[in-house]
Amino acid sequence: MTTIDAAAVLQSRSARRSRGGILGFLSGETRDESEVPSEADLERLAPPGGDVRMEIVRLELEAFRGRLAAEAAALAAEAAVEESARPTASPPSTVPPGPAPSDD
């Protein structure tokens, strides 16, 4: 094959290809065709029921209580460490003070 098929070149130039990536997104041209979801698909995508939502809230509250308890324990431990590191006042001396020196 030593010749160029002019008809094939012209046909490939005139055939419009759909754009992909960001240009396709911006221009509204996409390669995939969207389908209308079936009733079964809609049921699977539905939000969870009331009992499931209540369980989710219960678990979130339990986790929040756990974080609060851990933070309270950490603060108590920190206060105990600071209390033990604080210098204590020396006990009063039991030796009675001697006579004051005189300025003779």
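Quick word on the overall build of the chain
From N to C terminus, the chain includes four helices and zero strands. Along the chain direction, N to C, the helices and strands of the chain fall in the order α-α-α-α. For the chain, the exposed area adds up to about 10,200 Å²; of that, 60% sits on carbon and sulfur atoms.

Topic: a nonpolar patch on the surface
Taken together, the side chains of Ile22, Leu23, Phe25 and Leu26 make up a nonpolar region of the molecular surface, amounting to roughly 500 Å² of accessible area. Within the secondary structure, Ile22 sits in helix H2 (residues 21–27).

Describing the pattern of salt bridges
Throughout the structure, instances matching the rule amount to three salt bridges. Glu62 is paired through a salt bridge with Arg58; the nearest N and O atoms lie 2.9 Å apart. Taken as a pair, Glu62 and Arg58 lie in helix H4 (residues 50–85) at a separation of four residues, close to a single helical turn. Here the residues in one salt-bridge network are Glu55, Arg58 and Glu62, joined through shared partners.

Considerations on the confidence of the model for the chain
Averaged over the chain, the pLDDT score is 80; the fraction of residues at 70 or greater is 67%. Across the chain, H4 holds the top mean pLDDT of 96, while helix H1 (residues 6–14) sits lowest at 71.

Each value, and the rule that gives it
Residues numbered from 1 in each chain as written. Predicted model: local features only at pLDDT ≥ 70, side-chain atom pairs only at ≥ 80, totals over all residues. Heavy atoms only, no water. Helix = DSSP H or I, 4+ residues; strand = E, 2+ residues; numbered from the N terminus. Areas by Shrake-Rupley, 256 points an atom, 1.4 Å probe, with all protein chains shown as cover. Patch = residues over 30% accessible without salt bridge, like charges linked within 9 Å, V, L, I, M, F, W, Y side chains within 5 Å. Salt bridge = Lys/Arg side-chain N within 4 Å of Asp/Glu carboxyl O. pLDDT = per-residue confidence, 0-100.

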